[in-house]
Amino acid sequence: MFRARGCTRESEARYVPTPAMSTPPAASAPQSSVGCPFCGLLCDDLTVELAAGAPIVASRGCGKSRQLFALADDGPAGARVDGREATTEIALARAAEILRAASQPLLLTAGIDVAGMRALLELADRTGAVVDHANADAMFRNLLVLQDGGWISTTLTEVRNRADLLVSAGTDIVGRFPRFFERCFGDAQAMFVDGEREAWFLGAAPAGLPDSIARRATAIAVDRARLGEIFATLRALEAGKALGVAHVAGVPRERLEVLLARMRAARYGVLAWAAADLDFPHAELAIQGMCELVKALNAKGRFAALPLGGTDGDVTAMQVSTWQSGYPLRVSFAGGAPVFDPVRYRARRMLEAGEADAVLFVSALDPACAPPASDAPTIVLGRPGTRSQQAAVFVPLATPGIHHAGHLYRTDSVVAVRLRKLADTRHLSAARALSAILRAIGDGR
Amino acid sequence: MIRLRGGCVIDPANGLNGEPRDLYLHEGRIVAPPAAGARIDREIDLGGMVVMAGAIDLHTHIGGGKVNIARAMLPEDHRGDPVARGPLTRSGSGRAAPSTLITGYRYAEMGYTACFEPAVLPVNARQAHMEMGDTPIVDKGGYAMLGSDDFLLRMMAERADQGRINDYVAWTLRASQCLGIKVVNPGGISAFKFNARSLDVDQPHPYYRVTPRAVLQTLTRALHELSVPHPLHVHASNLGVPGNVDATLATMDAAEGLPIHLTHIQFHSYGTEGERRFSSAAARIADAINRQANVSADVGQIMFGQTVTASGDTMAQHRNAGHAHPNKWVCMDIECDAGCGVVPFRYRDGNFVNALQWAIGLEIFLRVTDPWRIFLTTDHPNGAPFTSYPHLIRLLMDRGFRNEKLAQIHPDAAAHSELGRLEREYSLYEIAIMTRAAPARILGLKDRGHLGVGAAADVTVYADLPDRERMFSAPEYVFKDGELVARRGGVVKVTQGATHVVRPDFDRGIEKRLREYFDRYHTIAFDNFAIADDELIDCGSRGPIVHPCVREGR
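If you're wondering where the values come from, they're calculated on a predicted model, not measured in any experiment. Within each chain, residue numbers correspond to sequence positions counted from 1 in written order. Each chain gets a letter, beginning with A, and each ligand a number, beginning with 1, in the order they are written. Per-residue local features are limited, in this predicted model, to residues with pLDDT of at least 70; the limit for side-chain atom pairs, both in listing and counting, is 80 or more; totals at the level of whole chains, interfaces and linings are taken over all residues.

For chain B, the helix and strand inventory stands at 19 helices and 26 strands. Note that the radius of gyration is over C-alpha atoms, with the globule rule given as 2.2 Å times the number of residues to the power 0.38. Its C-alpha atoms give chain B a radius of gyration of 22 Å, within 12% of the compact-globule value 24 Å for 554 residues. Projected onto the principal axes, the alpha-carbon positions of chain B cover approximately 70 × 55 × 45 Å. Going through the 554 residues of chain B one by one, you find that 63% of them count as buried. Partitioning the contacts of chain B with sequence separation of at least 6, the portion at a separation of at least 24 is 75%. In this text, helices come from DSSP runs of H or I with a minimum length of four residues, and strands from runs of E with a minimum of two, each type numbered from the N-terminal end. Three classes are used. A residue is buried when 20 or more other C-beta atoms lie within 10 Å of its own, exposed when 12 or fewer do, and partly exposed in between, with C-beta atoms placed from the backbone. By definition, residues are in contact whenever their C-beta atoms, placed on the basis of the backbone, come within 7 Å of each other.

Looking now at the overall build of chain A. Across its full length, chain A holds 14 helices and 22 strands. Since a compact globule built from 445 residues should have a radius of gyration of about 22 Å, the 23 Å found for chain A is in line with a globular shape. Principal-axis analysis of the C-alpha atoms places the extent of chain A at approximately 70 × 55 × 35 Å. Considering chain A as a whole, with its 445 residues, one finds that 60% of them fall into the buried category. Counted over contacts in chain A with a minimum sequence separation of 6, partners at least 24 positions apart contribute 67%.

Attention now goes to the environment of Thr411 of chain A. Position of Thr411 of chain A among the secondary structure elements: in the loop between β21 (406-409) and β22 (416-419). Once you skip the residues sitting within four places of it in the chain, Thr411 of chain A turns out to touch Gly40, Leu41, Leu308, Gly309, Gly310 and Val315 of chain A.

What follows concerns the environment of Ile531 of chain B. Residues and elements named next belong to chain B. Take Ile531: it is sitting in the loop between α18 (510-521) and α19 (533-538). Given 23 C-beta atoms within a 10 Å radius, Ile531 is considered buried. Along the primary structure Ile531 and Met110 are separated by 421 residues, whereas in three dimensions their C-alpha atoms are 31 Å apart.

The next thing to look at is the packing of helix α5 (residues 150-157) of chain B against helix α6 (residues 162-176) of chain B. Residues and elements named next belong to chain B. The convention used is that axes are lines fitted to C-alpha atoms, helices contributing only their stretch in contact, and that angles between N-to-C directions extend from 0 to 180 degrees. In the contact formed by α5 and α6, the axes pass within 10 Å of each other and the chain directions differ by 175°. Taken together, the axis directions place α5 and α6 in an arrangement best described as roughly antiparallel. Each of Phe151, Leu152 and Met155 in α5 lies in contact with α6, whose residues at this interface are Arg164, Ile165 and Tyr168. Partitioned by chemical class, the residues of the contact of α5 with α6 number five nonpolar, no polar and one charged. Put simply, angles under 35 degrees are roughly parallel, angles over 145 are roughly antiparallel, angles from 65 to 115 are roughly perpendicular, and the rest are oblique. All amino acids are sorted into three groups, where Ala, Val, Leu, Ile, Met, Phe, Trp, Tyr, Cys and Pro are nonpolar, Asp, Glu, Lys and Arg are charged, and the leftover types, Gly among them, are polar.

With that settled, the discussion passes to the sheet that holds strand β2 (residues 46-51) of chain A. Residue and element names in this part refer to chain A. At least two bridges found by DSSP between two strands is the condition for calling them paired. Ordered by their spatial adjacency, three strands build an open sheet running β1-β2-β3, and the pairing between neighbours is antiparallel. The open sheet terminates on both sides in strands that have one partner only, identified here as β1 (31-34) and β3 (54-59). Across the sheet, the axes of successive neighbouring strands diverge by a mean angle of 40°, strand direction being ignored. Alignment of β1 against β2, held across two bridges, turns out to be antiparallel. Within β2, the residue paired with Val34 across the bridge is Leu46. Contacting β2 and β3, helix α1 (residues 63-70) crosses the sheet at an angle of about 155° to β3.

Quick look at the environment of Val114 of chain A now. By secondary structure assignment, the location of Val114 of chain A is in helix α3 (residues 114-127). Non-local contacts of Val114 of chain A, meaning those with residues more than four positions away in its chain, are made with Thr316, Val320, Gly406, His407 and Ala416 of chain A together with Met130 of chain B.

With that out of the way, let us pick up helix α12 (residues 352-367) of chain B. Its 16 residues place the ends of α12 of chain B 22 Å apart at the C-alpha level, agreeing with the 22 Å of an ideal helix rising 1.5 Å per residue. Extensive coverage of α12 of chain B is indicated by the burial of 14 of its 16 residues. For a helix, the expected span equals 1.5 Å multiplied by the number of residues minus one.

Further remarks concern the interface of chain A and chain B. If you look at the interface, chain A gives 52 residues, while chain B gives 47 residues. Of all the secondary-structure elements, those providing two or more residues to the side of chain A that touches chain B are α3, α4 (136-148), β8 (150-153), α5 (156-162), α7 (180-184), α12 (314-325) and β22 of chain A. Here β8 of chain A runs beside strand β18 (residues 329-334) of chain B; their pairing, made up of four bridges, is parallel. For Trp151 of chain A, the partnering residue across the bridge sits in β18 of chain B and is Val330 of chain B.

Counting residues in each nonpolar core, the largest one holds 341 residues, and the members touching the most others are Leu120, Met290, Val294, Ile379 and Val393 of chain A together with Val51 of chain B. Marked domain ranges trace back to an automatic or database domain assignment. Both of domain 1 (75-135 + 312-441) and domain 2 (140-309) of chain A provide at least three residues apiece to this core. Not counting residues up to four positions away in its chain, the partners in contact with Met290 of chain A are Ala169, Phe231, Leu271, Trp273 and Ala305 of chain A. Any set of buried Ala, Val, Leu, Ile, Met, Phe, Trp, Tyr and Cys residues joined through C-beta atoms within 7 Å is what this text calls a nonpolar core.

On to the sheet that holds strand β17 (residues 339-340) of chain A. Residues and elements named next belong to chain A. One open sheet holds the nine strands; their spatial order is β5-β4-β20-β19-β18-β6-β7-β16-β17, and the pairing between them is mixed. The open sheet has two edge strands with one neighbour each: β5 (84-85) and β17. Pairing geometry for strand β7 (residues 130-133) and strand β16 (residues 331-332), over two bridges, is antiparallel. In the sheet register, Val131 faces β16, and the bridge partner there is Val331. Its contacts with the sheet put α12 on β6 (105-109), β7 and β16, and the angle it makes with β7 is roughly 150°.

Okay, the pairing of strand β19 (residues 378-382) of chain A next. All names here are of chain A. Within β19, five of the five residues are buried, leaving the element largely enclosed by the surrounding structure. Burial along β19 is two-sided: the residues Thr378, Val380 and Gly382 and Ile379 and Leu381 are all buried. Sheet analysis places strand β18 (residues 358-363) next to β19, joined by five bridges and oriented parallel. Paired with Ser363 across the bridge in β19 is Gly382. As judged from the four bridges shared by β19 and strand β20 (residues 393-396), these two strands associate in the parallel manner. Of the residues in β20, the one forming a bridge with Gly382 is Pro396.

A few words on the domain arrangement of chain A. Taken domain by domain, chain A holds domain 1 (75-135 + 312-441) and domain 2 (140-309). Listed by partner, the interface residues are nine residues for domain 1 of chain A and seven residues for domain 2 of chain A.

Turning our eyes to something else, we now look at the packing of helix α9 (residues 245-254) of chain B against helix α10 (residues 282-291) of chain B. Describing two packed helices takes the angle between their axes plus the distance from one axis to the other. All names here are of chain B. Where α9 meets α10, the axes come as close as 10 Å, and the angle between the chain directions of the two elements is 5°. The orientation of α9 with respect to α10, classified from their angle, is roughly parallel. Along its contact with α9, which presents Val245, Thr248, Leu249 and Met252, the element α10 presents Arg284, Ile285 and Ala288. Here the residues of the contact of α9 with α10 are counted per class, giving five nonpolar, one polar and one charged.

Mean pLDDT over chain B stands at 97; residues scoring 70 or higher make up 99%. Confidence metrics for the complex model read pTM 0.96 and ipTM 0.98. Each residue carries a pLDDT value, the predictor's own confidence for that position, ranging from 0 to 100.

With that settled, consider the pairing of β7 of chain A. Residue and element names in this part refer to chain A. Residue alternation in β7 divides its side chains into two sets, Val130 and Asp132 and Val131 and His133, and both sets are buried. In this structure, β6 lies alongside β7, joined through four bridges in parallel fashion. If you follow Leu107 over to β7, its bridge partner there is Val131. Place the viewer so that the strands point away; then a crossover is right-handed whenever the path from the first strand over the helix to the second strand goes clockwise. Following the chain from β6 across α3 to the adjacent parallel β7, one finds a crossover that is right-handed.

What follows is about unusual backbone geometry. Residues His325 of chain B and Pro326 of chain B are joined by a peptide bond in cis, for which omega reads -5°. Mapped onto the secondary structure, Pro326 of chain B falls in the loop between α11 (314-320) and β18. For the bond running from His380 of chain B to Pro381 of chain B, omega is -5°, close enough to zero to count as cis. Tracing the sequence through the fold places Pro381 of chain B in the loop between β20 (374-375) and α13 (389-397). Of note in this structure, Ser413 of chain A is not a glycine but carries a positive phi near 65°. If you trace the backbone, Ser413 of chain A turns up in the loop between β21 and β22. Ser413 of chain A sits in the buried class, given 25 other C-beta atoms within 10 Å. Of note, the phi angle at Asp379 of chain B is positive, near 55°, even though the residue is not glycine.

On to the confidence of the model for chain A. Residues and elements named next belong to chain A. A residue-level look at chain A finds 92% of positions with pLDDT of 70 or above and a mean pLDDT of 92. Low pLDDT, under 50, characterises residues 1-6; the predicted model gives this stretch 16 contacts beyond four residues in sequence or across chains. Predicted confidence for residues 10-26 stays below pLDDT 50, and this span has 28 contacts to residues more than four positions away or in other chains.

What follows is the structure, encoded as structure tokens:
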């Protein structure tokens, strides 16, 4: 049975880094302005040095980057077919056989770069597959709003230089994007913010805020699943409606009136949320309420939405799928032309319904992203340490930004960060592995 | 070597107007007739057919963030036009914001061999090049957007030396791998971030106190002094606003005689006469273009039906968002660099304003006398998808057809327009100028847009059909770099195009100031901003073609 939900992270990565067996390369000079592929902020100001062939974040890292850069990928993990060691060529040939024989393959990504996504879509086109991303449940909470009403949004450098007010809706910004406040809404120098910045948190204020923000932070305790009510109320108040209730979702109306007054007074306000944290039924309606409030506030002033995501290459997958097929994931190529259906082509639903008879899971960034359990034969192309015990085929992958150059899109969908090669590996990039499978399938279909 | 025998060659750059000629294609180039006995690998008889250089679209939104927002926002746009995978081609979807692969195929099938994305935000240039890299067959290029970026506005507010600004402009061209510079609503995208809702040509920016006129003067001068071939590509102030003709004329004036290109000028040619306070100012605009040899324009013709507007002009797009059809839209402030707005729109022939917009565009085409300075665009997809070009060509070439269509639009709009009295019909020679020779010349592409010896072997061959729409929809043969890529409206070979760029010299001292700016204010590192050639190829380009920056007399 299928158990995985989104990009389910194992409680701990199973893979234990082992020292490289070859002679450590000569110590190389630390590299600066290194891009970090491991969350949607795509910080590109890290300093990284190599120690025994493994990259070590020397400065400007966060806990996540330090951990995921340092995983050595040169350990014993090699390709496997049905649990037995195999050469990469044999494993890729077996993967091609499985996909060729399948009548409905499902290609599920959880973290590959632009080149990898291009190869994945070409493979999907060739094999008549369905394409989805492990984080797509969260992504479609936003995409359904984009496709129904749209929004006014902003990007990280605008937030850093312009935002005097941040309202966070039910989101653990620090937990998901550890350097957000340091880089975008903290003490960093800004072009247009001279006074102090103010932050409001609907839900608990996250731990780890910079002092200057924590001092001026206001938290309104509210159940995330009731954010829709909160924003409906704010919209009604903004529209000048009289409300005959004293509390909404447990929050005194006066508190919301104060918040709205603050939002109206902002010179450039930002409303941020991570759809991944808004995991309740029909969260898209709450998000639409947020976006419509932001639109309304722009009748007189300036306010912008900041949907936070981009981790595990999810924005990258959405971008490439959109420009190549016309649709932002959950696309089927089974009929020759792409067909989009965010309900029907949801990977989890398809697997639960037994509608896919082969699964290819590809994840080159975080080995804690686990492939879905499935009765269908599963091909796992993953960073060493990715759970693959049940896989029919496992091929270890190189990581973009460590072992090869590549591009990933940031949370705001605007900036594609150029990632560098820092270290050697014997593993293939996702793009190369997927292209090899495509070649092995040939023109037969 | 391929011999194209006996076609009627229309090659305005070389003064040929339909004379039967043999053309020889070898190793991607047009070559001189070989010596007798030379080996000809393939010969194609083109007797009676019309031969032109591959067409060039100098303003089409085919790649970059706002186009992809339009795609993602409008699944209904694609559902009506699914494209299945073929033996040679990938699947995708068409219509107003087609997927990239389909965009490349359809341009090639229409005889186009080069397309230029006019709104590349420098910070989003990678995405533009990636999408263009996934747009096969045709060559591509982009114009980098400046004029609402805080770096330039700060320099101008500090009254920086023009030479330093030139360095910044040249650095931007290089860093973003672009061929030209575009300004969109000069200063206005930035002003919108400061909550300004309009910015007229002589109105100071709310924060920097710099006027749009000063931005225009500074950038036209920069490109002139850097000898960049393509003039400043200008999306003027007050797009879509009744009475904006005055701002458009002021914009021309701001160039002070230096070359300036006004894009989608139809959207900037509106008066305020009549009971609806909306009227055609096409005659005034056309007169101004006719009078000023430094001015060129593309039209941005609208066609009736559903499309989507995608623009860097957040101020105008937010103003027009109430007209969104279907009712959804996006505006975005971007990286202290620029912005974008995406508003789906349906132009209706029974709507007075839309009908008059249609007539105004055609009026401008017909009233501007010099086809070297007026270009055929729909501002794809803002006025209409690029696939409507054959229809537009017929409207220009066939007065009877045009008047038939005029009779179908809102009667008051028809009555308010002088279109019905304009007798001009474009000739094939003039169409060849405005879609080939002139775009190549104004972009500085010396070996494109013509069929002389040494030119790139980008060749389009049409059956000479009286129905010009049919003729231009599906050319008989299309060659790209000497290879047959399309036949009778279908792709027969998929190739990859190059990226046209310019790289004017500049003093690298500007990078010190840029680095400080990035370190202090930006969320990406200066070291990671510029796109190197190997990265451009990773993005999907065949590679850059660098065009020289040398100033020449006309």
